[in-house]
Amino acid sequence: MNRIMTAISTASFAVASVAFSLSASAGEILDHVIKTKTLRAAVGTDWAPASFVNEKGELDGYDVDVAKGIAKYLGVEAQLVTPGWDLIAAGKWEGRWDIGMGQMTPTKARAEKFDLSVVYVYEQAVAVVHKDSKATKLSDLDGKAVGGAADTSAMAYAKHSFTPGWINAEPIEYQFKPGQIKEYQTSAVAMDDLRLGEGVRLDAVVTDGTYAEGALKSGYPIKVLDTLFASPGVVALLNDDKEFEEKVAAAIKNMREDGTLSKLAIKWYGSDYSLEK
């Protein structure tokens, strides 16, 4: 019994020490995380394999596991919320969550609202067409109906309004000009329209490459036409609390150095998307 009590006391002291060291320099967001012992992470319900609802009705995926890893590093519990990408990207969080997952692409416009320094994944944006499409190259989408999730970098590419905001970003070359652009709440809804057939509602969808791979594995009658661009994906953090940003960055750095990030990427994607390629 004494050994058990000693172990409990030691563990309690360790947790208390972490909480004390965090609160010593906490800003408003970090202070709330420490006081509530909870990290509220915004994730998606249909962004597989990044985040989705599994067969048990539970949120699962790469982003979910990364968010839990950040919470563990901070010595708190992860609380997952599902506000929708449009609300995450808008930046008007009003204290409803602390971090935004979703592999946000850094852009100059987003840098006005977010800290975009915490990279945890590298992604490719792609154009997807129906499997029976006669398109063989991106220029074949000129004048076509192209859809995708609103407020995403892939959709900004389709609109010719995408301005990269990461270090050493290559200039963007737009390889097609849609005749019609349709914005959806999620990529999943856009993909459901595309599966009806080429030209029925859409001719193509622009989305993340990993999402397209997941849709293919799920049986969607689609094919990847080509890559639009490659970019880093970051944990979205509001520009309100420098101390909190530093702690989240330290958590991702720790997960990268101990191999956790690579293991999670391989688990969910079959390849290490935590590394730049």
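Residues numbered from 1 in each chain as written. Predicted model: local features only at pLDDT ≥ 70, side-chain atom pairs only at ≥ 80, totals over all residues. Heavy atoms only, no water.

Take the overall build of the protein next. From N to C terminus, the protein includes nine helices and 12 strands. The C-alpha atoms of the protein give 20 Å as radius of gyration, which agrees with the globular expectation for 277 residues (19 Å, within 12%). With respect to the principal axes defined by its C-alpha atoms, the protein has extents near 75 × 40 × 30 Å. Taking the contacts inside the protein whose residues are at least 6 apart along the sequence as the reference set, 72% of them involve residues at least 24 apart. Taken as a whole, the protein presents about 13700 Å² of accessible surface, with 51% of it coming from carbon and sulfur. In the protein, 30 positive and 38 negative side-chain charges are present, and the distance between their average locations comes to 3 Å. (Helix = DSSP H or I, 4+ residues; strand = E, 2+ residues; numbered from the N terminus. Rg over C-alpha atoms; globule rule 2.2 N^0.38 Å. Contact = heavy atoms within 4.5 Å. Areas by Shrake-Rupley, 256 points an atom, 1.4 Å probe, with all protein chains shown as cover. Lys, Arg positive; Asp, Glu negative; His and termini not counted. Charge placed at Lys NZ, Arg CZ, Asp CG, Glu CD.)

In this structure, Tyr62, Val66, Ile70, Ile99 and Phe244 are the most contacted members of the largest nonpolar core, which totals 49 residues. If one sorts the elements of this core by residue count, helix H3 (residues 62-74) sits on top with seven residues. In contact with phenylalanine 244, not counting residues within four places along its chain, are Ile29, Leu30, Val33, Leu39, Leu74, Asp98, Ile99 and Leu237. Counting 20 residues, the second largest nonpolar core, distinct from the first, contains Leu138, Val146, Ala156 and Ala158. (Core = buried A, V, L, I, M, F, W, Y, C linked by side-chain atoms within 4.5 Å. Buried < 20%, exposed > 50% of the residue type's maximum accessible area, 1.4 Å probe, protein only.)

Moving on, we get to the environment of glutamate 276. Structurally, the position occupied by glutamate 276 is in the segment after helix H9 (260-269). The sequence separation of glutamate 276 and alanine 42 amounts to 234 residues, and the corresponding C-alpha distance is 24 Å.

As a further point, take the confidence of the model for the protein. Averaged over the protein, the pLDDT score is 90; the fraction of residues at 70 or greater is 91%. Every residue in residues 1-25 is under pLDDT 50, and counting partners more than four places away or in other chains gives nine contacts. (pLDDT = per-residue confidence, 0-100.)

What follows is about the packing of aromatic side chains. Given two aromatic rings, one states the distance between the centres and the angle between the planes to describe the pair. Across all of its chains, the model carries 12 aromatic pairs by this definition. For the ring pair phenylalanine 162 and phenylalanine 229, a centre distance of 4.5 Å and an interplane angle of 25° mean the geometry is stacked. Remark: phenylalanine 229 occurs in strand E12 (residues 222-238) and phenylalanine 162 occurs in the loop between helix H5 (153-158) and strand E10 (180-184); sequence separation between them is 67 residues. Considered together, phenylalanine 162 and phenylalanine 229 belong to a single accessibility category, that of buried residues. What links up through ring pairs into an aromatic cluster is the set Tyr157, Phe162, Trp166, Tyr174, Phe176 and Phe229. (Phe/Tyr/Trp six-rings, centres within 6.5 Å; stacked < 30°, edge-to-face > 60°.)

Our next topic: the sheet that holds strand E2 (residues 46-47). Pairing within the open sheet is antiparallel, and its three strands lie in the order E2-E3-E4. Because the sheet does not close on itself, it has two edges, and the strands there are E2 and strand E4 (59-60). Judged from the two bridges that link them, E2 and strand E3 (residues 51-53) form a sheet pairing that is antiparallel. Note on E3: the bridge partner recorded for tryptophan 47 is serine 51. (Pairing = 2+ DSSP bridges.)

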